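Fold and geometry: a report
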Amino acid sequence: MTFSVLSNSSESKARSGKIETAHSIIETPVFMPVGTMANVKAIEHRELHEIDTRIILGNTYHLFLRPGIEILKNAGGLHSFMNWNKSILTDSGGFQIFSLSKLKKVTDEGVEFSSHLNGDKYFFTPENVIDYQKIIGSDIMMPLDECLPYPTDRDVVKESIKLTLKWEKRCYDYFCNSKNESDVEQSLFSISQGSTYEDLRKQSIEQLCEIDFDGHALGGLAVGEENSLMYDVVDFSTDLLPVEKPRYLMGVGTPVDLLECVERGIDMFDCVMPTRNARHGRLFTTNGEINIKGARYKNDFNSPDTECKTYTSENFSLAYLRHLFISKEVLGIQLATIHNVGFYLKLMKDIRSAIEEDRFLSFKKEFLKNYLS
RNA sequence: GGGUAGGUAGCGAAGCGGUCAAACGCAUCAGACUGUAAAUCUGACGACAAUUGUCUUCGGAGGUUCGAAUCCUUCCCUACCCA
């Protein structure tokens, strides 16, 4: 993987760049649709390609449980299994330690899980998580980390970042010294933790930056803290991150979050928001978010978004989309997903253009004026 | 004509003397969702005041009772069965 910065905003920390993996060229800042289970929910590959998706996420924990590593190995990796020829980034399962916390037991050695599917017990270690991701064949792998809820006591966070550091070192060593499944190049990022404690977060970042990871992620954010607090953490964090490596803010966020965090120097994002909210009938539009199920759209035959042109917004009315949702037709979910993911990618594309033309802040201002009106 | 089972909030359906403005489901309305156990979850849902509050409801009309959706009388209606 290579990364290069192409342009820097003169008025903020925003920057545009380019990541090249074995499978695609990814222009940054980028939003990566989440495709946990070997698919981005409710949207077909050809639609992802149509909106020029260059990278999606997968999840080691979920893929490990289903279809299982053995089957992915037999398939020749995830790209081949799901027939996705662009890049894939896989999360390690660290987030599941957090979100499935009732089903886990963390020790120094790793984390024991009970499968949420059938209760079977598994043990994830920094090493086997790398093994699994090598078999999955993701372009960018993430190390095992411990993502804590918010708020968490300082003392607990302090211990946790030690554990995460230890785990990530082991991931890195094992990544460097273990055999690859194929000659397709894979990369490994770090994930800093430290919750919102400035000194702990800084410590976590500094220690991780001593290791030659291919990129650096901020984890454990957008887990319930105030937005402004998250922005602050991002702000002081990016100051510590090397300029020559991509910076990835995990699990974020809303369109507003993307703008705020690009401004603070983030290059990569992922979030379930566009896809999940689509399934729940919430559409992102140039003029703000709308709940498509609302009675006020019963007789509204206008496009949901005349500015952001997606297959959905160019072909279907609010009233029709509402009808599909009210009738629980899957097409409604599909069209909403196409629109939301399209909206996110278009936003990122506009952000990149704005940075390249060094008008990021005015772009942001204009976007927010419409979006929050 | 005889018999049986029923008629409960928009619909379906519990409740069968007080703790009932009445369970639950559907429909409706609103909200939430940030490295996906999420096509999910939460709330409202008789009417007004809009938090404790008040008023009108359980086919109709009478009655019994301190008290009735719940018991009695009678009428109306529905479904099925027998003539």
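Parameters and conventions
- Residues numbered from 1 in each chain as written.
- Chains lettered and ligands numbered in written order.
- Predicted model: local features only at pLDDT ≥ 70, side-chain atom pairs only at ≥ 80, totals over all residues.
- Helix = DSSP H or I, 4+ residues; strand = E, 2+ residues; numbered from the N terminus.
- Buried ≥ 20, exposed ≤ 12 C-beta atoms within 10 Å, placed from the backbone.
- Contact = placed C-beta atoms within 7 Å.
- Near = placed C-beta within 6 Å.
- Nonpolar A, V, L, I, M, F, W, Y, C, P; charged D, E, K, R; others polar.
- Core = buried A, V, L, I, M, F, W, Y, C linked by C-beta atoms within 7 Å.
- Pairing = 2+ DSSP bridges.
- Axes fitted to C-alpha atoms, helices over the stretch in contact; angles between N-to-C directions.
- Arc of directions from axis to C-beta.
- pLDDT = per-residue confidence, 0-100.
- Parallel < 35°, antiparallel > 145°, perpendicular 65-115°, else oblique.
- Left-handed = near helix turned anticlockwise from the far one by under 90°.

1. A look at the overall build of chain A
- A tally of helices and strands in chain A yields 14 helices and 16 strands.
- Principal-axis analysis of the C-alpha atoms gives chain A an extent of 60 × 50 × 40 Å.
- Burial status across chain A gives 48% buried among its 373 residues.
- Taking contacts inside chain A between residues at least 6 apart in sequence as the whole, the part at least 24 apart equals 68%.

2. Overview of the protein's contact with RNA strand B
- By nearness alone, 48 residues border RNA strand B, and Cys147, Gly251, Gly253, Val272 and Thr275 come closest of all.
- Considering only residue class, the surface near RNA strand B consists of 19 nonpolar, 18 polar and 11 charged.

3. A closer look at the nonpolar core
- Grouped together as the largest cluster of nonpolar side chains are 99 residues, with contacts concentrated most on Phe31, Met32, Phe189, Leu249, Phe269 and Leu321.
- What Met32 contacts, discounting residues up to four positions off in sequence, is Ile55, Ile56, Leu57, Leu89, Met268, Phe269 and Asp270.

4. A look at the sheet that holds strand β1 (residues 2–8)
- Taken together, the three strands give an open sheet; going across it, the order is β1-β2-β3, and neighbouring strands pair in antiparallel fashion. The sheet is open, and its two edges are formed by β1 and β3 (25–28), each paired on a single side. Within this sheet the neighbouring strands show an average axis-to-axis angle of 15°, counted without direction.
- When strand β2 (residues 15–20) meets β3, the two strands line up antiparallel, connected through four bridges. Paired with Gly17 across the bridge in β3 is Thr28.
- Each of β1, β2 and β3 is contacted by helix α13 (residues 330–356), which is oriented at about 120° to β2, the strand it contacts most.

5. Topic: the pairing of β1
- When β1 meets β2, the two strands line up antiparallel, connected through six bridges. Bridging across to β2, Asn8 finds its partner in Arg15.

6. Points about the pairing of strand β16 (residues 288–291)
- Pairing between strand β15 (residues 282–285) and β16: four bridges, direction antiparallel. When the sheet's bridge partners are listed, Leu283 is paired in β16 with Ile290.
- Hairpin geometry of β15 and β16 is characterised by an intervening segment of two residues between the two adjacent antiparallel strands.

7. Comments concerning helix α12 (residues 318–326)
- For α12, every residue scored as buried is listed here: Leu318, Leu321, Arg322, Leu324 and Phe325. Down the axis of α12, the buried side of the element spans an arc of 160°, and every buried residue falls inside it.
- In the segment just after α12, Lys328 is the residue with positive phi, at about 55°.

8. Quick look at unusual backbone geometry
- Each neighbour pair has its own omega, and for Thr28 with Pro29 the value is 0°, a cis peptide bond.
- In this fold, Pro29 is placed in the loop between β3 and β4 (30–33).
- In the segment running from Arg66 into Pro67, the intervening peptide bond is cis, with an omega of 10°.
- Among the structural elements, Pro67 can be located in helix α2 (residues 60–75).
- Here the phi dihedral of Ala38 falls at roughly 60°; this positive angle occurs in a residue that is not glycine.

9. Topic: the environment of Asp199
- Along the chain, Asp199 turns up in helix α7 (residues 198–209).
- Spatially, the C-alpha atom of Asp199 lies 9.8 Å from that of Lys158, the residues being 41 residues apart in sequence.

10. Some details on the sheet that holds strand β12 (residues 215–218)
- With respect to topology, eight strands assemble into an open sheet ordered β4-β14-β13-β12-β11-β10-β6-β5, the strand pairing being parallel. For this open sheet the edge positions go to β4 and β5 (55–59), each flanked by a neighbour on one side alone.
- Where strand β6 (residues 87–91) meets strand β10 (residues 140–141), two bridges bridge the pair, whose relative direction is parallel. In the strand pairing of β10, Leu89 is matched with Ile140.

11. A short note on the confidence of the model for chain A
- Overall, the predicted model of chain A reaches an average pLDDT of 96, with 100% of residues at or above 70.
- For this predicted complex, the interface confidence reaches an ipTM of 0.93, while the overall pTM sits at 0.95.

12. Considerations on the packing of α7 against helix α8 (residues 227–240)
- Relative orientation of the contacting elements α7 and α8 amounts to 30°, with a least axis distance of 10 Å. Considered as vectors, α7 and α8 are oriented roughly parallel to each other. In this structure, the crossing between α7 and α8 has a hand that is right-handed. Of the residues in α8, those in contact with Glu198, Arg201, Lys202, Ile205, Glu206 and Cys209 of α7 are Val233, Phe236, Ser237 and Leu240.
- Class assignment for the residues of the contact of α7 with α8 results in five nonpolar, one polar and four charged.

13. Observations regarding the packing of α12 against α13
- Across the interface, α12 lies against α13 with an axial gap of 7 Å and an inter-helix angle of 130°. In terms of axis orientation, α12 runs oblique to α13. α13 is crossed by α12, and the crossing has left-handed handedness. In this structure, α12 contributes Leu321, Leu324 and Phe325 to the contact, and α13 contributes Leu331, Gly332, Leu335 and Ala336.
- Split by residue class, the contact of α12 with α13 holds six nonpolar, one polar and no charged.

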